[in-house]
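# Tertiary structure, described
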Amino acid sequence: MTDFTYAVDADGVATITWDVVGKSMNVMSKAGFDDLSAMVDQGLADPGVKGIIITSGKKDFAGGMDLNVIANMRAGGAQSIFDGVMGMHAVMRKIERAGMDPKTLKGGKPIVAALPGTALGIGLEVPLCCHRIIAADNPKAKIGLPEIMVGIFPGAGGTTRLTRKMGAMMAAPYLLEGKLSDPKGAKAGGLIDEVVAPEELLPRAKAWILAATDADLVKPWDAKGYKMPGGTPYHPAGFMTFVGASAMVLGKTMGVYPAAKALLGAVYEGAMVPFDLALKIEARHFTSVLMNPSSTAMIRSLFINKEALEKGANRPQAPDQAVQKLGVIGAGMMGAGIAYVSANAGIDVVLIDATQESADKGKAYSEGLLDKGMQRKKVTAEKKAEVLARITATTDYAALAGCDLIVEAVFEDPKVKADVTAKVEAAVGPDCIFATNTSTLPISGLAKASTRPEQFIGIHFFSPVDKMMLVEIIRGKQTGDRAVAKALDFVRQIRKTPIVVNDARFFYANRCIIPYLNEGMRMVAEGVDPVLVENAAKLVGMPLGPLQLVDETSIDLGVKIAKATKAAMGDAYPDSAVDEVLFWMADQGRMGKKANAGFYAYDAAGKREGMWDGLAKHFPEAGEQPSLTEVQHRLLMAQVLEAVRALEDGVLTDIREGDVGAILGWGFAPWSGGPFSWLDIIGAPRAVEICEGLTARYGTRFTVPDLLRDMAAKGDSFYRKDNAKAA
Ligand code: NAD
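Residues numbered from 1 in each chain as written. Predicted model: local features only at pLDDT ≥ 70, side-chain atom pairs only at ≥ 80, totals over all residues. Heavy atoms only, no water.

### Quick notes on the site of the ligand
So the rule is basically this: Being near a molecule or strand, for a residue, means having at least one of its heavy atoms within 4 Å of it. Every accessible area reported is derived by Shrake-Rupley at a probe size of 1.4 Å, with residue values counting cover from the shown protein chains alone. The helix and strand labels rest on DSSP assignments: H or I over at least four residues marks a helix, E over at least two residues marks a strand, and numbering proceeds from the N terminus. Note that Gly is not counted as nonpolar here; it falls among the polar residues with everything else outside the nonpolar set of Ala, Val, Leu, Ile, Met, Phe, Trp, Tyr, Cys and Pro and the charged set of Asp, Glu, Lys and Arg.
For the ligand, the set of nearby residues contains 21 residues, the closest of which are M334, D353, E412, K417 and S439. Notes on the ligand: free accessible area 830 Å², of which the protein chains cover 76%. Only α13 (333-344), α16 (414-427) and β17 (456-461) provide two or more residues apiece to the shell around the ligand. Of the residues in the shell around the ligand, the class split is 11 nonpolar, 7 polar and 3 charged.

Structure, rendered in structure tokens:
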């Protein structure tokens, strides 16, 4: 069985059709690439063939390289990666030169890429070496090179060809940000050559082949006198581009993403040498990225395992539980967002609040988001009307009749929640599943208000609901499998990523993020420069420093959580040093961003300025400051050890969920692949050594968990095959 088929028509035009059997989207494998190469040889060698169309038998062209293959390439070592990539370059160069005389550049056969739909990664790199790229006018299609999003960069010539085609400046959004365009946008941006009506795709490709001249086949970079658009680094304009791009990349990535640096290196160094040497440089940089454990970890968490979780890797056996009618109780910030994402996914929603005014306000939130979408031309008037028509805003619980799932998002108060649970259960049928969106209250406790605890579950969204991709599903002590399956099927319907965890204080994400915030505040109390704390976090890849994050989530929420935790833990409460800072900030009325006053100072428009100067007055800087690394170790270990403890306690049952949840839930250093991947990158013995040092200097919160100590002793790792559920 082969991924490509080959046929020649009566006019001598060969068509190579990509159609991977058993997959809805074409992805490139090593064997597939060999097939393509052999078919191109066949076409070039056959005197009866005038030209070749490369197209797809599916509605899309291709989704890219099979990332499972890339993730495993590292095992072969650097030389084998480099040789493999150079082999691909040779094939793609063969397509590009298409049998032409190397001196006169004449006598080649035209090769056209005909793209019916989406063309990503290698699915665009192959077209980029063809002589013309024609796409069907399919507004749903996405065209681009998204490799950077999973920790690699376009390494099959895409980086070199795109830079030479459009110049470094114009190529930057596609290469550095993984920008994707629809066919018309791709044509306007210079990625592809032509957009035609879908039924015209193959006829137009054939017509182009039959009319093509020798000159049509010569790539600009192979023609005499080629100059890179926008200039090489030697050219003043080119120099500015490269200086700007370096600064931009470093500003955005803080230098922690190896792929972004390597990509820039490939573009910069490649721009100064002939094309074939540039491909070799690209291959070297690509090899170095694949050899970096960060790329393996990112691909594993952000692509392979994320997708596995979305497809239901941990879904209990149960018939399809797709939600038909959803009830959302509480139309505040969270309820309004949950109603919006659900209605947007085609689910009918009843949105209930205590007053009609509040319920209407919750529905108006959807209208606001849809209006924004219309301004950006992402949403049509019909779509807006359709989504809004799916939301019924009311105070009447009788409207919940026929709901098969309820998500409760009322105040974080067990009494209010218990009251709502009873009211809902009186209004819905016996099979309805009840989910609470609580962020802090144990599910098993809230389930006591239910007459059907096996149908009671936690579905914890993150704010803002429409933007945050993670949903934490919490199994209470009595929660049954059907409730878990229902929650997972719902999360799949709204196209988010689920993790399933067991019930414990703060579940998983909040359990790990709170120690991060606390560690930042502890350091303030100790006299560590708050600027050092914030920058150390960002330089290790955290999207926000801990103090900024406290400002964003508000000081009063922090105080509320601290008080509740203290009440629950009594004498065992370990965070008095944190409260010294937190409660003092509250006393000063510095409630965070929403109050325009927090750890940071804000201008009248709410724009963050520097650190608030009152902080340094009350918590003066200590004479001796810790090193950057020491601060980073404290901030990372505070989160990572909590993740390990969650695994030890059985709150987490799958490290894949721990890693994916950390990146999507609170932005844990994505370059690392997540807390468990990070521990594997540094190795358990080194992690133990760091923690022992931190324990000696700062106390028992850094005590090495037994699991980690055992791992260090045995030379084991989290992702060793038999430890991880991942394949
Ligand atoms: P909110 O105050 O914005 O909204 C709560 C809504 O519930 C209000 O509109 C209120 O009128 C309504 N309400 C209160 N009692 C009610 C009742 N008896 N019947 C019907 N409606 C009632 O709060 P929120 O931020 O949307 O939080 C809601 C829930 O989600 C809480 O449990 C919270 O812990 C949780 N949560 C919040 C966040 C967050 O970032 N805000 C994140 C995850 C989870």
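### Topic: the domain arrangement of the protein chain
Our working rule: Where a domain begins and ends is set by an automatic assignment or by a domain database. Working rule for contacts: check all heavy atoms of both residues, and any pair within 4.5 Å makes them a contact. Two parts placed together each lose some accessible area under a 1.4 Å probe, and the buried area is that loss summed for both. Should a side-chain nitrogen of Lys or Arg be within 4 Å of a carboxyl oxygen of Asp or Glu, the pair is scored as a salt bridge. Think of a polar contact as two N or O atoms within 3.5 Å of one another; within protein, one of them needs to be a possible hydrogen donor and the other a possible acceptor, and neighboring residues in sequence only count if both atoms come from side chains.
As assigned here, the protein chain comprises domain 1 (4-291), domain 2 (325-505) and domain 3 (510-628). Taking only C-alpha atoms into account, the centre of domain 2 sits 31 Å from that of domain 3. Taken together, the contacts link 4 residues of domain 2 with 6 residues of domain 3. Between domain 2 and domain 3 lies a buried interface of about 430 Å² when both sides are counted; carbon and sulfur atoms form 48% of it. Applying the counting rule to domain 2 against domain 3 returns 0 salt bridges. Taken together, the connections running from domain 2 to domain 3 amount to 1 residue pair in polar contact (both at pLDDT 80 or more). Considered class by class, the residues forming the side of domain 2 that touches domain 3 number no nonpolar, 3 polar and 1 charged.

### Observations regarding the nonpolar core
Quick note on the threshold: Side-chain atoms within 4.5 Å are what join buried Ala, Val, Leu, Ile, Met, Phe, Trp, Tyr and Cys residues into a set we call a nonpolar core. Only protein chains enter the accessibility calculation, which uses a 1.4 Å probe; a residue whose area is less than 20% of its type maximum is buried, one above 50% is exposed, and one in between is partly exposed.
Ranked by size, the top nonpolar core spans 174 residues in total, and within it L400, Y508, F599, M637, F676 and F718 carry the most contacts. If one sorts the elements of this core by residue count, helix α25 (residues 628-648) sits on top with 10 residues. Residues V323, I338, V471 and I473 belong to the second largest nonpolar core, which totals 38 residues.

### Some thoughts on the packing of α25 against helix α27 (residues 675-682)
This is how it is decided: For every element, the axis is a line fit to its C-alpha atoms; helices are fit only across the contacting stretch, and the angle between N-to-C directions ranges from 0 to 180 degrees. In this scheme, roughly parallel covers angles under 35 degrees and roughly antiparallel covers those over 145, while 65 to 115 is roughly perpendicular and the rest are oblique.
Running from N to C, α25 and α27 point in directions that differ by 110 degrees, and their axes come no closer than 9 Å. One finds that α25 runs roughly perpendicular with respect to α27. Taking contact as the criterion, the partners of L636, M637, V640, A643, V644 and L647 in α25 are, on α27, P675, F676, W678, L679 and I682. Its residues assigned to classes, the contact of α25 with α27 comprises 11 nonpolar, no polar and no charged.

### Regarding the sheet that holds strand β6 (residues 111-115)
Put simply, the test is: A pair of strands is treated as paired once DSSP finds two or more bridges between them.
Taking strand neighbours across the sheet as the criterion, the 6 strands line up as β1-β2-β4-β6-β8-β11 in an open arrangement whose pairing is mixed. Looking along the sheet, the strands with just one partner apiece sit at the ends: β1 (4-8) and β11 (194-196). On average, adjacent strands in this sheet sit at an angle of 20 degrees to one another, irrespective of strand direction. Sheet topology note: the strand β4 (residues 51-56)/β6 ladder contains 3 bridges and is parallel. Its bridge partner being in β6, I52 is matched across the sheet by I111.

### Overview of the sheet that holds strand β12 (residues 325-329)
Ordered in space as β14-β13-β12-β15-β16-β17-β18-β19, the 8 strands form an open sheet in which the pairing is mixed. The open sheet is flanked by β14 (391-394) and β19 (497-502), the only strands paired with a single partner. Averaged over all pairs of adjacent strands, the angle between their axes in this sheet comes to 25 degrees, without regard to strand direction. As judged from the 3 bridges shared by strand β16 (residues 433-436) and β17, these two strands associate in the parallel manner. Following the sheet pairing, T436 is matched in β17 by G458.

### Considering the pattern of salt bridges
Taken as a whole, this structure holds 41 salt bridges when the rule is applied. A salt bridge links E386 to R390; the shortest N-O distance between them is 2.8 Å. Relative accessible area serves as the criterion here: at 17%, R390 is assigned to the buried category. The network of salt bridges with common partners includes R93, E96, R97, R161, K219, D222 and D276.

### Concerning the side chain of R522
Turning to its location among the elements, R522 is positioned in helix α19 (residues 509-526). On the basis of relative accessibility, which here comes to 10%, the residue R522 falls in the buried class. Residues in contact with R522, not counting those within four places in the same chain, are P574, D575, A577, V578, R634 and R701.

### Things to note about the pairing of β12
We count it as follows: Convention used here: a crossover is right-handed provided that the path from the first strand, over the helix, to the second strand proceeds clockwise when the strands point away from the viewer.
Taking burial as the measure, the 5 residues of β12 include 4 buried ones, the bulk of the element. Here β12 pairs with strand β13 (residues 348-352) via 5 bridges, running parallel. Paired with V328 across the strands is L351, a residue of β13. Chirality of the crossover, the property in question, places the unit of β12, α13 and β13 among those that are right-handed. The pairing of β12 with strand β15 (residues 405-408) spans 4 bridges and is classified as parallel. Counterpart to I329 in the pairing with β15 is E408.

### Topic: the environment of K165
Along the polypeptide, K165 turns up in helix α5 (residues 158-166). A C-alpha to C-alpha distance of 36 Å links K165 and K496, two positions 331 residues apart in sequence. K165 has contacts with L128, G190, L191, D193, W221 and P229, leaving out every residue within four places of it along the chain.

### Considering the packing of aromatic side chains
The condition is simple: Working definition: a ring pair exists when centres of Phe, Tyr or Trp rings (six-membered ring for Trp) sit within 6.5 Å. Plane angles under 30 degrees give stacked, over 60 give edge-to-face, the rest tilted. Cation placement over rings: the criterion is NZ of Lys or CZ of Arg within 6 Å of the ring centroid and within 35° of the ring normal.
Evaluation of the coordinates by the stated rule reveals 12 aromatic pairs. Taking the centre distance of 5.6 Å and the plane angle of 90 degrees together, the rings of F153 and F286 count as edge-to-face. Of this pair, F153 sits in the loop between β9 (143-144) and α5 while F286 sits in helix α11 (residues 275-291); the two residues are 133 residues apart in sequence, bridging distant segments of the chain. A relative accessible area of 6% places F286 in the buried class. Of note, R505 hangs over the ring of F506, and the distance from its end group to the ring centre comes to 5.6 Å. Between the NZ or CZ atom of R634 and the centre of the ring of Y698, over which it lies, the distance is 3.9 Å.

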